[in-house]
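# Commentary on secondary and tertiary structure
In case you want the letters, here they are:
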Amino acid sequence: MAGENDESYGENRHPVNEYPDDRLALMFACCHPALAREAQVALTLRTLGGLTTREIARAFLDTESTVAQRLVRAKRKIKEAVIPIAVPPAAALPERLGTILAVLYLVFNEGYLATDAPSLTRADLCAEAIRMGRMVVDLMPDVPEATGLLALMLLQDSRRDARVDARGELVLLTDQDRKRWDQAQIEEGVPLLMQALALGRPGPYQIQAAIAAVHAEARKPDDTDWNEIVALYDRL
């Protein structure tokens, strides 16, 4: 995307060293508020998340042609309106954070259940979403939904090795070997969730993380607190 940035998207005028990672900085840059929210997400998923149009269409529950048109229109608007896709100052980060979290969530989802891949999952996408999620939390430690999303991704990814059998087929949650769950990720994810909930501003990522935590803390399926699961889904 370097050439496009140079010719159509304006210059990066914000000190990159204020960001822990160039890719994260560019993600914030792509999410310019002058673009419609869906266009921001689609453009960021395509140019920086590395997802194909087909994968983005699946994420949006939309057709490939619709997503392709959305991408074309977004790029055209950037060029014709001379919208400066520059890395924003710190004060402008909150208004773009919702889109960034949506992008990370969708990148992780594509890794969790891949659209076009030899295997059921793509560990590389999950790892990248978690990596950038950590950096977002470092930038904004007092934003509970950012911390909640990181907790959610860690808790979901903790089951990755147990979700697929030797033939590459999906193993349902109740049939998984829970000894294969990554306890280090669970032990990181649950406290992060508690930290987010303690801020008193619950949102959908935190509630989804809470559902994942109930499953993660059950040593066997019969130990699952299904009443709590139902209550959380009602809240969601």
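Presented here is a report on the structure given in the accompanying data block. Small disclaimer: the values here were computed from a predicted structure and weren't measured.

A tally of regular secondary structure across the protein gives 11 helices and zero strands. Tracing the protein from N to C terminus, the helices and strands come up as α-α-α-α-α-α-α-α-α-α-α. Residues classed as buried in the protein amount to 48% of the 236 residues present. For the protein, the share of sequence-separated contacts (at least 6 apart) that also reach a separation of at least 24 residues comes to 66%.

Turning to helix α2 (residues 22-30), its buried residues are Leu24, Ala25, Met27, Phe28, Ala29 and Cys30. Elements that come into contact with the buried residues of α2 comprise α3 (37-47), α6 (93-112) and α7 (123-139).

Phi angles above zero are rare outside glycine, and Leu61 is one such case at about 55°. Its place among the elements puts Leu61 in the loop between α4 (53-60) and α5 (64-80).

What follows covers the packing of helix α8 (residues 144-157) against helix α10 (residues 204-216). Taken N-terminus to C-terminus, the directions of α8 and α10 make an angle of 30°; their axes are 8 Å apart at the nearest point. When the axes of α8 and α10 are compared, the crossing they make is left-handed. Only Pro204, Tyr205, Gln206, Gln208, Ala209, Ala212, Ala213 and Ala216 of α10 make contact with α8, whose side of the interface consists of Pro144, Glu145, Gly148, Leu149, Ala151, Leu152, Leu155 and Gln156. When grouped by side-chain class, the residues that make up the contact of α8 with α10 number 11 nonpolar, four polar and one charged.

The subject of this paragraph is the packing of α4 against α5. One way to put it is that α4 packs onto α5 with a least axis distance of 8 Å and a crossing angle of 105°. Judged by the angle between their axes, α4 and α5 are roughly perpendicular. Contact residues: Thr53, Arg54, Ile56, Ala57 and Phe60 in α4; Glu64, Val67, Ala68, Arg70 and Leu71 in α5.

With that settled, consider α3. Taken together, the buried positions of α3 are occupied by Ala39, Gln40, Val41, Ala42, Leu43, Thr44 and Leu45. Taken together, the buried residues of α3 touch α2, α4, α5 and α6.

This part takes up the pattern of salt bridges. Working definition: two side chains of opposite charge can pair if their charged atoms are close together. Inspection of the entire model under this criterion finds 11 salt bridges. Of the charged contacts in the structure, one is a salt bridge between Arg122 and Asp124, with a shortest N-O distance of 2.9 Å. A residue is classified by how much of its surface remains accessible, and Arg122, at 23% relative accessible area, is partly exposed. Close ionic contact of Glu128 with Arg131 constitutes a salt bridge, the shortest N to O distance being 2.8 Å. Here Glu128 and its partner Arg131 are both found in helix α7, three residues apart, which amounts to about one turn of the helix. What emerges from the salt-bridge pattern is a single network uniting Glu38, Asp62 and Arg70.

For the structure on display, the rule yields two aromatic pairs. With 5.3 Å between their ring centres and 50° between their planes, Tyr105 and Tyr205 make a pair best called tilted. Highlighted residues: Tyr105 in helix α6 and Tyr205 in helix α10, separated in sequence by 100 residues. For the pair Phe108 and Tyr112, a centre-to-centre distance of 5.9 Å together with 25° between the ring planes defines the contact as stacked. Here Tyr112 and Phe108 lie together in helix α6, a separation of four residues that amounts to about one turn. You'll find Phe108 and Tyr112 in the same group, each marked buried. Over the ring of Phe60 we find Arg70, and its NZ or CZ is 5.0 Å from the ring centre. Sitting above the plane of the Trp181 ring, Arg159 keeps its charged end 5.9 Å from the centroid.

Reading the values: rules and limits
- Residues numbered from 1 in each chain as written.
- Predicted model: local features only at pLDDT ≥ 70, side-chain atom pairs only at ≥ 80, totals over all residues.
- Heavy atoms only, no water.
- Helix = DSSP H or I, 4+ residues; strand = E, 2+ residues; numbered from the N terminus.
- Buried < 20%, exposed > 50% of the residue type's maximum accessible area, 1.4 Å probe, protein only.
- Contact = heavy atoms within 4.5 Å.
- Axes fitted to C-alpha atoms, helices over the stretch in contact; angles between N-to-C directions.
- Left-handed = near helix turned anticlockwise from the far one by under 90°.
- Nonpolar A, V, L, I, M, F, W, Y, C, P; charged D, E, K, R; others polar.
- Parallel < 35°, antiparallel > 145°, perpendicular 65-115°, else oblique.
- Salt bridge = Lys/Arg side-chain N within 4 Å of Asp/Glu carboxyl O.
- Phe/Tyr/Trp six-rings, centres within 6.5 Å; stacked < 30°, edge-to-face > 60°.
- Lys NZ or Arg CZ within 6 Å of the ring centre and 35° of its normal.

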